[in-house]
Amino acid sequence: MALLMSNTARKLYVPRLVILWMVALVGLIGAAECTRLGNHGHHHWRAGGGWPEWAAAAGAAGRRAHTASLKDFGAVGDGTTSNTHAFAAAIAHLSRLAADGGAMLVVPPGKWLTGPFNVTSNFTLFLHRDAEILASQDLNEWRVIDPLPSYGRGRDSAGGRYSNFIMGTNLTDVVITGDNGTINGQGRFWWDKFRNNQLKYTRGYLLEIMYSDRVLISNITFKDSPSWNVHPVYSSNIVVSNVTILAPFDSANTDGIDPDSCSHVLIEDCFIVSGDDCIAIKSGWDEYGIAFNMPTQHVNIRRLTCISPFSATIALGSEMSGGIQDVRAENITAINTESGVRIKTAVGRGGFVKDIFVRGMTLNTMKYVFWMSGNYGQHPDDKYDPNAIPVVRNIRYSNVVAENVTIAGHLEGIPGAPFTGICLSNVTIDVAHSKKKLKWNCTEIEGVASAVTPTPCALLRDQGTGAAPCPFPADSFTY
């Protein structure tokens, strides 16, 4: 089974050894990838849980009363002609019609070069399977915008940030979808400038939707983002489904999907190859995030496949000062990835990470399975409050199988403020060359374990093989 990448893409993104692992593990990846490969059209609810009603309606074919092709506005899909004005004209025209039954812009086959653009409410951006939107490499097209209020400054450097490529603010009912067409950020231009300190401002993201409600992102490939790929922020009711994200392993900060101060988020059936965390859940940075005070909560992640040799499958933080709570992840596959689940925080962050539930992870070739740190230092400035101590509690992992692992767990709390309520159950980890290596490294934590191999550190009290598994909520979110 081909795993969503052409031979050329494999050469660019995934070493041959990883391809061998992927072929060997195809039966383990199975359900998630087959669901994705077989569904290029619109999704339907599955028994036992699926899309919320608004998302099912938003993704229905023919629901928009007004449709236009990008070609109607003079666009040329040759990969070199600028279509910045065509995109702007198309969306301006359709935005005037959107209140009358909604509007859809179809991007037909071709390579469509453009500068950054905004989407609008009651709107669908639909990419044909042979359509590729290319981000302009003319820096003059990327205006400088304000930093996010919960961050206080740009993430790369002090001050503002370059515009995001596709963006929207204060919107309702936004759909970005297609038949697996591609949004290509042409990120090498940005990565090289970032490494050479040639940028005055923070890089923009490939897609950022802010202060919005009811956002559906599905059946799309995001490729080579300048920095983070998909960034919903200060928003609610978000579905990201059947999305492919590709970036080289050496690309700087190319997180896959980063819900940030958001509520009621569903991420499902996604395949991510990244230079950073495949999914990073955030909620603001130090004193700015504390003041903004908007947690990320009620997040459901399922059937995720991740490859990221230097980062995490799922990260919580490190920008978590508004709080993160009620995150549920199931049926997670990672290959050649640094860690399974990573919690990152520090003194000065404040906030909390609590009620995190992970069930069913299949991992192969990892440095760590479990990783937590209360010493993840970066601060936006020297004005952070050293008395703002983050709270980390009720972290539950169950049904985990991991092979070819360097260290089973690195669990490091904060002196005087240990991470509590950690639970591990039914965990089997094959630590490579286990006789020569430290299997667990634990400080300033409290918790329990049952049916865990290798035997965990003493700070995770062994409950015996007959103990009840770590809890996982039985209720469903109300979207």
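Counting starts from 1 at the beginning of each chain's written sequence and moves along it residue by residue. With the structure being a predicted model, the display of local features is reserved for residues of pLDDT at least 70 and the display and counting of side-chain atom pairs for 80 or more, all residues being used for whole-chain, interface and lining totals. The side-chain figures draw on all heavy atoms in the structure; neither hydrogens nor water molecules are used.

Draft legend 1. Highlighting the overall build of the protein chain. A count of helical and extended segments in the protein chain gives seven helices and 30 strands. Think of it in three bands: with a 1.4 Å probe and only protein chains considered, a residue is buried below 20% of the maximum accessible area for its type, exposed above 50%, and partly exposed in between. Each of the 479 residues in the protein chain was classed as buried or not, and the buried ones make up 61%. We call two residues contacting when some pair of their heavy atoms lies within 4.5 Å. For the protein chain, long-range pairs separated by at least 24 residues make up 78% of all intrachain contacts whose partners lie at least 6 apart in sequence. Here, Shrake-Rupley sampling with a 1.4 Å probe gives the accessible areas, and only protein chains in the shown set may cover a residue. Only carbon and sulfur atoms are counted for the fraction: they give 50% of the accessible area of the protein chain, which is about 17800 Å². Numbering of helices and strands runs from the N terminus; a helix is a DSSP stretch of H or I covering at least four residues, while a strand is a stretch of E covering at least two.

Draft legend 2. Seen up close, the pattern of salt bridges. In what follows, salt bridge is the name for a side-chain nitrogen of Lys or Arg lying within 4 Å of a carboxyl oxygen of Asp or Glu. Under the criterion given, the structure shown has 19 salt bridges. One salt-bridge network, held together by shared partners, links Glu268, Asp269, Arg302 and Arg303.

Draft legend 3. Seen up close, the confidence of the model for the protein chain. You can read pLDDT as the predictor saying how much it trusts each residue, on a scale of 0 to 100. For the protein chain, the average pLDDT comes to 90, and 88% of its residues sit at 70 or higher. Throughout residues 1-48 the model reports pLDDT below 50, and contacts reaching past four residues in sequence, or to other chains, amount to 92 contacts.

Draft legend 4. Region of the structure containing the state of the cysteines. Cysteine sulfur atoms that pair up within 2.5 Å are treated as a disulfide. Per the counting criterion, the structure on display carries three disulfides. With a sulfur-sulfur separation of 2.1 Å, Cys278 is cross-linked through a disulfide to Cys306. Between Cys278 and Cys306, the S-S dihedral sits near 80 degrees, and the bridge is therefore right-handed. Taken together, the residues span a long stretch of sequence, with Cys278 in the loop between strand S19 (263-273) and strand S20 (279-281) and Cys306 in strand S21 (residues 296-307) at a distance of 28 residues. There is no split in this pair, since Cys278 and Cys306 are both buried. Between the sulfur of Cys442 and that of Cys457 lies a disulfide, 2.0 Å long from S to S. On the sign convention where negative is left-handed, the bridge of Cys442 and Cys457, at about -85 degrees about the S-S bond, is left-handed. Pair noted here: Cys442 is in strand S28 (residues 440-443) and Cys457 is in the loop between strand S29 (445-453) and strand S30 (460-462), with a separation of 15 residues, a long-range link. Cys457 matches Cys442 in its accessibility class, with the two residues each being buried. Counting only the cysteines that take part in disulfides, in the order they occur along the protein chain, gives the pairing 1-2, 3-6, 4-5.

Draft legend 5. Representation of the nonpolar core in the model. We define the nonpolar core as a collection of buried residues of types Ala, Val, Leu, Ile, Met, Phe, Trp, Tyr and Cys that are connected through side-chain atoms lying within 4.5 Å of one another. In this structure, Leu125, Phe222, Ile301, Phe370, Leu424, Ile429 and Trp440 are the most contacted members of the largest nonpolar core, which totals 99 residues. Those residues within four positions of Ile301 in sequence are excluded, and the remaining contacts are Ile267, Ile279, Ile281, Ile314, Val327, Arg328, Ala329, Glu330 and Ile332.

Draft legend 6. Region of the structure containing the pairing of S21. Most of S21 sits inside the fold, with 10 of its 12 residues counted as buried. Taken together, the nine bridges between S19 and S21 define a ladder with parallel strand orientation. Looking across to S21, one finds that Ile272 is bridged to Cys306. Strand pairing is assigned whenever DSSP identifies at least 2 bridges connecting the two strands. Sheet topology note: the S21/strand S23 (residues 324-337) ladder contains nine bridges and is parallel. By the bridge assignment for S23, Cys306 is matched with Ala334.

Draft legend 7. Structural detail: the sheet that holds strand S5 (residues 117-118). With parallel pairing, the four strands of this open sheet are ordered in space as S5-S10-S13-S16. The open sheet is flanked by S5 and strand S16 (230-233), the only strands paired with a single partner. Where strand S10 (residues 166-169) meets strand S13 (residues 207-210), four bridges bridge the pair, whose relative direction is parallel. Note that in S13 the partner of Thr169 across the bridge is Met210.

Draft legend 8. Broad picture of the side chain of Ser121. Along the polypeptide, Ser121 turns up in the loop between S5 and strand S6 (123-127). Residue contacts for Ser121: discarding those within four places in its chain leaves Ala98, Asn170, Leu171, Thr172 and Asp173.

Draft legend 9. Geometry of helix H6 (residues 188-195). Those residues of H6 that sit buried are Phe189, Trp190 and Trp191. As for H6, its buried residues are in contact with strand S9 (161-162). At the exit of H6 stands Asn197, carrying a positive phi of roughly 55 degrees.

Draft legend 10. Structural view of the packing of aromatic side chains. Between 30 and 60 degrees the pair is tilted, below 30 it is stacked and above 60 it is edge-to-face, where a pair is any two Phe, Tyr or Trp rings, Trp via its six-membered ring, whose centres lie within 6.5 Å. Counting across every chain of the model gives 15 aromatic pairs. Here the aromatic rings of Tyr162 and Tyr201 are separated by 5.5 Å at their centres, their planes lie at 85 degrees, and the arrangement is edge-to-face. Of this pair, Tyr162 sits in strand S9 while Tyr201 sits in the loop between H6 and S13, placing them 39 residues apart in sequence. Overall, the relative accessible area of 30% leaves Tyr201 in the partly exposed class. Here Phe357 and Phe472 contribute two aromatic rings whose centre-to-centre distance is 6.2 Å and whose plane-to-plane angle is 70 degrees, an arrangement assigned as edge-to-face. A residue pair is termed long-range when its members are at least 10 positions apart, and Phe357 in strand S25 (residues 352-373) and Phe472 in the segment after S30 qualify at 115 residues. Assessed through its relative accessible area of 11%, Phe357 is described here as buried. Accessibility expressed as a relative area gives 17% for Phe472, which makes it buried. One aromatic cluster is present, formed by Phe87, Phe117, Trp142, Tyr162, Phe165, Phe189, Trp190 and Tyr201 through successive ring pairs. In this structure, Arg342 packs its charged tip against the face of Trp371, placed 4.5 Å from the ring centre. Two thresholds decide whether a charge sits over a ring: the Lys NZ or Arg CZ must be within 6 Å of the ring centre and within 35 degrees of the ring normal. Over the face of the ring belonging to Phe352 we find Lys354, whose NZ or CZ atom lies 4.7 Å from the ring centre.

Draft legend 11. Looking closely at unusual backbone geometry. Cis geometry is found at the peptide bond from Gly317 to Ser318, where omega equals 5 degrees. Here Ser318 is to be found in the loop between strand S22 (312-316) and S23. Look at the link from Thr453 to Pro454: it is a cis peptide, with omega at 0 degrees. Secondary-structure assignment places Pro454 in the loop between S29 and S30. Not every positive phi belongs to a glycine, and Asn242 is a case in point at roughly 60 degrees. Positionally, Asn242 belongs in the loop between strand S17 (236-241) and strand S18 (244-246). Positive phi is not limited to glycine here, since Asp286 has a value of about 55 degrees. Looking at the element boundaries, Asp286 is found in helix H7 (residues 286-292). With a relative accessible area of 0%, Asp286 lands in the buried category.

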